[in-house]
Amino acid sequence: MNADRWLADTRTSYDTVAVSYADQLREALAGAPYLRAALALFADLVHIAGGGPVADVGCGPGHVTAHLHELDVDAFGIDLSPAMIDVARRDHPHLRFEVGSMTDLDLADASVAGLLAFWSLIHIPDEAVPTVFGHFRRVLRPGGPLLLGFHVGDESRLKTQGYGGHPMNVHVHRRRPDQVAAWLRDAGFTVEAHMLTDPDKSVPGAVLFARRQPESP
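Residues numbered from 1 in each chain as written. Predicted model: local features only at pLDDT ≥ 70, side-chain atom pairs only at ≥ 80, totals over all residues. Heavy atoms only, no water.

A. Layout of the pattern of salt bridges. Going through the model one piece at a time under the given rule, you end up with ten salt bridges. Of the charged contacts, one joins R96 and E98 as a salt bridge, the two residues approaching to 2.8 Å between their closest N and O atoms. Beyond isolated ion pairs, a larger network of salt bridges with shared partners links D23, R26, R90 and D91. (Salt bridge = Lys/Arg side-chain N within 4 Å of Asp/Glu carboxyl O.)

In C-alpha cells form, the structure reads like this:
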C-alpha cells in the first residue's frame, strides 16, 4: 500500500469527520471504566518513572490528552489531521496540540517520559508498524512506559463512512495482542501486560503496556 496514499486518505477522512467525531467521543471515557483504569495506571507509571512530557500520538480531538492532564500528567497531543487539531485546541485551549504523523515523529530522541497511542494505530498497515514502533522507541526515554489500545481480530476492512454518515476512505486493521507484542519486542520494548476489553462483543478491544528497554551498560 502506497504510504503517501493511505496517509493522505486518513488525513482527509478525519478532517471531514473531525467535528462530528469530537461530538460523539467527548464523553466516551465516562462509560469506559476499564479504559479509565488503564489510563490511571499509565499515569502512575509515568509518575513513578520521574514524570515529564507525555505524547498522546493520534490524539484526535484531545479528550484522552485532557483526561491525562486531569491525572497530573504533562500530556500533549499529536494528530495527522489538522482539523482534529483545530478541534482539540478549541476544546482544550490550555493544552498543547500539534499536527504530525506517527510514521515520522517530529520529536527529539529520548524527549518524552511516556507515550500513548489509544486506538490510533488502527489505520497503520502492517508493513508500516515496525517503523512506527521504531519512532516510539526513539522518542521515549529509556525505561519510559508505552500504552497502546487497539481493535482485536484478524482482518482489515475498508471504512467508507462514519461519525454522522460523512464519507471516509480508511482501512481499519484488527490485530491480535500477541502480534502487536512481537512487533514491540522486535522494536526494543519489554511487554509488561495486556488486557482484553469487551471480549463478548464482535470486535473486542485490547490495551497493552510496554516499556522502552533501558540502554545496555
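B. Structural view of unusual backbone geometry. Positive phi outside glycine occurs at A110, with the angle close to 50°. Relative to the helices and strands, A110 is located in the loop between β3 (97–99) and β4 (114–118). (Helix = DSSP H or I, 4+ residues; strand = E, 2+ residues; numbered from the N terminus.)

C. The arrangement of the pairing of strand β7 (residues 166–173) in detail. The sheet contact formed by strand β6 (residues 156–162) and β7 spans six bridges and is antiparallel. Paired with Q161 across the strands is P167, a residue of β7. (Pairing = 2+ DSSP bridges.)

D. Highlighting empty space enclosed by the protein. Tallied over the full model, the rule gives one cavity of 30 Å³ or more. Each pocket or cavity is described by its volume, and for the largest cavity that value is around 60 Å³. The wall of the largest cavity is formed by L121, I122, V129, F133, F150, H173, R175, V180 and W183. When contributions to the lining of the largest cavity are tallied by element, the ones reaching two or more residues are α5 (129–139) and α6 (177–187). A breakdown of the residues in the lining of the largest cavity according to their chemical character gives seven nonpolar, one polar and one charged. (1 Å grid on protein atoms, 1.4 Å probe; cavity = no way out; pocket = protein on both sides within 12 Å on 5 of 7 lines; lining within 4 Å. Points joined across faces, edges and corners; volume = space filled by probe spheres on them. Nonpolar A, V, L, I, M, F, W, Y, C, P; charged D, E, K, R; others polar.)

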